[in-house]
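Here are the chains, one letter per residue:
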Amino acid sequence: MRPDVHRWLRRRTFSAATWSAAELAAARSAQGTTVSVVLPALDEEATVGAIVTTIREELVLRAPLVDEVVVVDSGSADRTAAVAADAGARVVDVATVLPAHGRVPGKGEALWKGLAATSGDLVVFVDADLVGFDPQFVVGLLGPLLTEPGIGYVKALYDRPLSTTEGIVPSGGGRVTELVARPLLNAFWPQLAGFVQPLSGEYAGRRELLEQVPFFSGYGVEFGLLVDLAALAGVDALAQVDLGSRRHGHQSDAALGRMAGQILQTAMARLPRGGAPAPDLLQFLRTGDGVEAVSWDVGVTERPPMQTVRAAAGAQGRRR
């Protein structure tokens, strides 16, 4: 493992259990900091209401940590907007925000317009398809931002139980992360190899930073934000928080293939010029003490065409 990544993992990896909602509510009140929570949603009527209700009851009313909860609806065909509004969220239609810029499809568009539709100094993004949502997710993401002035962007890390015909596999999911995003980051942005869940849909940042970087449309948004914010503010301004376990719906392999394609397009738009890809791959295992990093050498060696090998051997034999 690179020494800089090892240092970053020690200094910038936190546990959500470190903070309580009441403690952070007092801290943000003393600082005069405002907080917005944004949920991008498309056909999530089954889950969005419970998430909004939990945030409002636990983090708006009980412990005043959050100022506004906004659901950005991307044209849902179901009752997502009505369910979210009934639960107490302010619901905005993605088409009505910054109308002069038109509308493009994808999650990144909803996040970008969610940034425009809110006013909090700190912005927390939460996927609207989470099952068994825990308000400590929001608390954990806000913890480093409210207690560490040098930190400007925080991503979640968690186990992703994968539902199969044989039941729930404790760790799994994250297939696009393991097969596409992690190898790309390790190869071309090795300073970011310490992020356990680079594509996590739960993250928070300071508005002053988020408004300085572009938002890719579609599923490339998380990859793009990570790379661009590291370039803007430095890796040390980025952190991650262990939220434990996160459950949500899983997509088909075909849908994941389309997601992977968007992430690949995003990475290609940001590829650093010059230099060979780094040959190391950092992966992560859940242990009793947290998350353990394991480094692998994935460098490859290119052998020449056999025809040239035989030709060279023949020429050497003739010279003897």
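What counts, and at which threshold
- Residues numbered from 1 in each chain as written.
- Predicted model: local features only at pLDDT ≥ 70, side-chain atom pairs only at ≥ 80, totals over all residues.
- Heavy atoms only, no water.
- pLDDT = per-residue confidence, 0-100.
- Contact = heavy atoms within 4.5 Å.
- Helix = DSSP H or I, 4+ residues; strand = E, 2+ residues; numbered from the N terminus.
- Buried < 20%, exposed > 50% of the residue type's maximum accessible area, 1.4 Å probe, protein only.
- Phe/Tyr/Trp six-rings, centres within 6.5 Å; stacked < 30°, edge-to-face > 60°.

Go over the confidence of the model for the protein, please, and point to the residues and values.
When pLDDT is averaged across the protein, the result is 91; 94% of the residues are at 70 or more. Note on residues 164–173: pLDDT is under 50 here. Beyond four places in sequence and across chains, it has 17 contacts.

Outline unusual backbone geometry, supporting the account with residue identities and numerical values.
A positive phi angle, close to 55°, is found at Asp43, a residue other than glycine. Among the structural elements, Asp43 can be located in the loop between strand 2 (35–41) and helix 3 (48–62). Looking at Asp43, the relative accessible area reads 38%, which means it is partly exposed. Phi at Leu98 is positive, roughly 45°, even though this residue is not glycine. Structurally, Leu98 can be placed in the loop between strand 4 (90–93) and helix 5 (107–117).

Outline the environment of Pro183, supporting the account with residue identities and numerical values.
Within the fold, Pro183 resides in helix 7 (residues 175–188). Judged by relative accessible area, which is 30%, Pro183 ranks as partly exposed. Considered as a pair, Pro183 and Leu282 are 99 residues apart in the sequence and their alpha carbons are 8.5 Å apart. Once you skip the residues sitting within four places of it in the chain, Pro183 turns out to touch Thr177, Glu178 and Leu281.

Could you give an account of the packing of aromatic side chains, with specific residues and numbers?
Ring pairs (aromatic) are described by centroid distance and by the angle formed between their planes. According to the stated counting rule, one finds seven aromatic pairs in the structure shown. Look at Trp8 and Phe195: their rings are 4.6 Å apart centre to centre, the planes differ by 45°, and that puts the pair in the tilted class. With Trp8 in helix 1 (residues 3–12) and Phe195 in the loop between helix 7 and strand 10 (203–206), the pair connects residues that are 187 residues apart, well separated along the chain. For Trp8, a relative accessible area of 6% puts it in the buried group. Judged by centre distance (5.9 Å) and plane angle (45°), the rings of Phe14 and Trp19 are tilted. Just as Phe14 is buried, Trp19 falls in that class too. Among the aromatic residues, those joined into a cluster by ring pairs are Phe125, Tyr153 and Tyr203.

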